[in-house]
There are 2 protein chains.
Amino acid sequence: MFIEINFESEKPIYTQLVEQIIAGIAKGKLQPGERLPSVRNMAEDIGINMHTVNKAYQALRDREFILIHRQRGVVINPNGVPRADVAYVNYVMDELHPLIAESITRQISKEQFMKLVKEVYKSYSIERHDST
Amino acid sequence: MFIEINFESEKPIYTQLVEQIIAGIAKGKLQPGERLPSVRNMAEDIGINMHTVNKAYQALRDREFILIHRQRGVVINPNGVPRADVAYVNYVMDELHPLIAESITRQISKEQFMKLVKEVYKSYSIERHDST
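Residues numbered from 1 in each chain as written. Chains lettered and ligands numbered in written order. Predicted model: local features only at pLDDT ≥ 70, side-chain atom pairs only at ≥ 80, totals over all residues.

**A few points about the overall build of chain A**
Okay, so step 1: Summing up its helical and strand segments, chain A has five helices and three strands in all.
Okay, so step 2: Counted from the first residue to the last, chain A has its helices and strands arranged as α-β-α-α-β-β-α-α.
Okay, so step 3: Counting all 132 residues of chain A, 30% fall into the buried class.
Okay, so step 4: In chain A, the proportion of contacts linking residues at least 24 apart, taken out of those at least 6 apart, comes to 53%. (Helix = DSSP H or I, 4+ residues; strand = E, 2+ residues; numbered from the N terminus. Buried ≥ 20, exposed ≤ 12 C-beta atoms within 10 Å, placed from the backbone. Contact = placed C-beta atoms within 7 Å.)

Have a look at this one:
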């Protein structure tokens, strides 16, 4: 498993785990239908509490990134992650607002900000080996 | 004061207050050197705890948005907010990463994402009455 937890980070371990699994899907490292380790195994692999893994898996399930089957275990949503809806777009806007407000006060232009966005998008497309 | 707290929001009141003051600066509603209400007055004005206002002011001071003078009170940084440095750009990238990763899984293209960025930038420049 490619999960790497930074125990020195201010970001909660639970959040790091959620974000890394989503990044794994975005990068195509985790494919629809692919199995994730059980709560117990994931906790042992990365040396964290089972409760933390469980909380992360619940959050990923609530956001439809994974399915949790009693028998088949934990799998990446075989139907793919649901496409963005209006609620998701509003969520993105809500997240962008404070980030852009602060960037404006620190004199980052729209063009500079978009360059950063492009850079981040690129970091995902390179690892996916596609040309977009 | 233009602060409006949403008491139903999941976002902590403290964070809302910090973000709204930064947005006020970004929109030019709060000018360098301008005075903010004292902790006590701000707390009374918006009907929240003094401790919450104090915590927000401390955070804004730590990030150099405001100065807190024992005598002159709380003022928007008269020298302007410091320009973005490498640490700030890294912070923006760190914030963009999970947002863009999730957006990719939900099939929001780079172009669509940049459109949202432009829209948010525009909402600040319209209120500042400039043409950028």
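Having seen it, we continue.
**Overview of the sheet that holds strand β2 (residues 66–69) of chain A**
All names here are of chain A.
Okay, so step 1: The three strands are arranged β1-β3-β2 in an open sheet whose pairing can be described as antiparallel. The two strands at the open ends of the sheet, each matched to only one other strand, are β1 (35–36) and β2.
Okay, so step 2: Where β1 lies against strand β3 (residues 73–76), two bridges are found, and the strand directions are antiparallel. Within β3, the position partnered with L36 by the bridge is V74. (Pairing = 2+ DSSP bridges.)

**Remarks on the nonpolar core**
Okay, so step 1: Counting residues in hydrophobic clusters, the biggest one holds 62 residues, and the most contacted among them are I21(A), I22(A), I25(A), I21(B), I22(B) and I25(B).
Okay, so step 2: Residues in contact with I22(A), not counting those within four places in the same chain, are F65(A), P98(B), A101(B), E102(B) and T105(B). (Core = buried A, V, L, I, M, F, W, Y, C linked by C-beta atoms within 7 Å.)

**Describing the environment of S123(B)**
Residues and elements named next belong to chain B.
Okay, so step 1: Tracing the backbone through its elements, the reader meets S123 in helix α5 (residues 110–127).
Okay, so step 2: Residue S123 is classed as partly exposed on the basis of its 16 C-beta neighbours within 10 Å.
Okay, so step 3: Measuring from C-alpha to C-alpha, the distance between S123 and K27 comes to 8.8 Å, with 96 residues separating the pair along the chain.

**Observations concerning the packing of helix α1 (residues 13–26) of chain A against helix α3 (residues 50–62) of chain A**
Residue and element names in this part refer to chain A.
Okay, so step 1: Remark: α1 packs on α3, axes separated minimally by 9 Å, with the N-to-C direction vectors making an angle of 45°. Between α1 and α3, the interaxial angle falls into the category oblique. Of the two possible hands of crossing, α1 and α3 adopt the one that is right-handed. From α1, I13, Y14, L17, V18 and I21 reach across to α3, where they touch T52, V53, K55, A56, A59 and L60. (Axes fitted to C-alpha atoms, helices over the stretch in contact; angles between N-to-C directions. Parallel < 35°, antiparallel > 145°, perpendicular 65-115°, else oblique. Left-handed = near helix turned anticlockwise from the far one by under 90°.)

**Notes on the interface of chain A and chain B**
A common way to report how large an interface is uses the accessible area buried once the components associate.
Okay, so step 1: Taken together, the contact between chain A and chain B spans 35 residues of the former and 35 residues of the latter.
Okay, so step 2: Residue assignment for the side of chain A that touches chain B shows that the elements contributing at least two residues are α1, α4 (86–105) and α5 (110–127) of chain A.
Okay, so step 3: Per-element accounting of the side of chain A that touches chain B gives the leading share, 14 residues, to α4(A).
Okay, so step 4: Residues belonging to the side of chain A that touches chain B are distributed by class as follows: 24 nonpolar, four polar and seven charged. (Nonpolar A, V, L, I, M, F, W, Y, C, P; charged D, E, K, R; others polar.)

**Here we look at the domain arrangement of chain A**
Okay, so step 1: Its domain assignment divides chain A into domain 1 (13–76) and domain 2 (86–127).
Okay, so step 2: A separation of 26 Å is found between the C-alpha centroids of domain 1 of chain A and domain 2 of chain A. (Domains from an automatic or database assignment.)

**Some points on the pairing of β2(A)**
Residues and elements named next belong to chain A.
Okay, so step 1: Pairing analysis gives four bridges linking β2 to β3, with the strands arranged antiparallel. Bridge pairing in β3 links I66 to I76.
Okay, so step 2: Connecting the antiparallel pair β2 and β3 is a turn made up of three residues.

**Some points on helix α3 (residues 50–62) of chain B**
Residue and element names in this part refer to chain B.
Okay, so step 1: Between its first and last C-alpha, α3 extends 18 Å over 13 residues, near the 18 Å set by a 1.5 Å rise per residue.
Okay, so step 2: Looking at α3, one finds that the buried residues are V53, A56, Y57 and L60. Projected onto a plane normal to the axis of α3, the buried residues spread over an arc of 100° and lie on a single side. The exposed residues of α3 that point more than 90 degrees off its buried face are H51 and D62. (Expected span 1.5 Å × (residues − 1). Arc of directions from axis to C-beta.)

**Brief notes about the sheet that holds strand β1 (residues 35–36) of chain B**
Okay, so step 1: Overall, antiparallel pairing links the three strands, which are arranged β1-β3-β2 (chain B) in an open sheet. The strands lining the two open edges of the sheet, one partner per strand, are β1 and β2 (66–69) of chain B.

**Let's talk about the relation of the copies chain A and chain B**
Okay, so step 1: Screw-axis analysis of chain A against chain B gives a translation of 0.0 Å along the axis, an RMSD of 0.0 Å, and a rotation angle of 180°. Here the transformation between the copies is reduced to the relation of a two-fold axis. Considering only C-alpha atoms, the part of chain A nearest the rotation axis is M114(A), at 3.3 Å.
Okay, so step 2: Here 100% of the contact residues of chain A are again contact residues in chain B; the copies associate through an equivalent surface. (Least-squares fit on C-alpha atoms with pLDDT ≥ 70 in both.)

**Considering the environment of N79(B)**
Okay, so step 1: Here N79(B) lies in the loop between β3 (73–76) and α4 (86–105).
Okay, so step 2: Sequence spacing of N79(B) and F113(B) is 34 residues, and the spatial spacing of their C-alpha atoms is 33 Å.

**Remarks on the confidence of the model for chain A**
Okay, so step 1: Across chain A, the average pLDDT comes to 93, with 95% of residues at or above 70.
Okay, so step 2: Per the prediction output, this complex has pTM 0.90; the corresponding ipTM is 0.92. (pLDDT = per-residue confidence, 0-100.)

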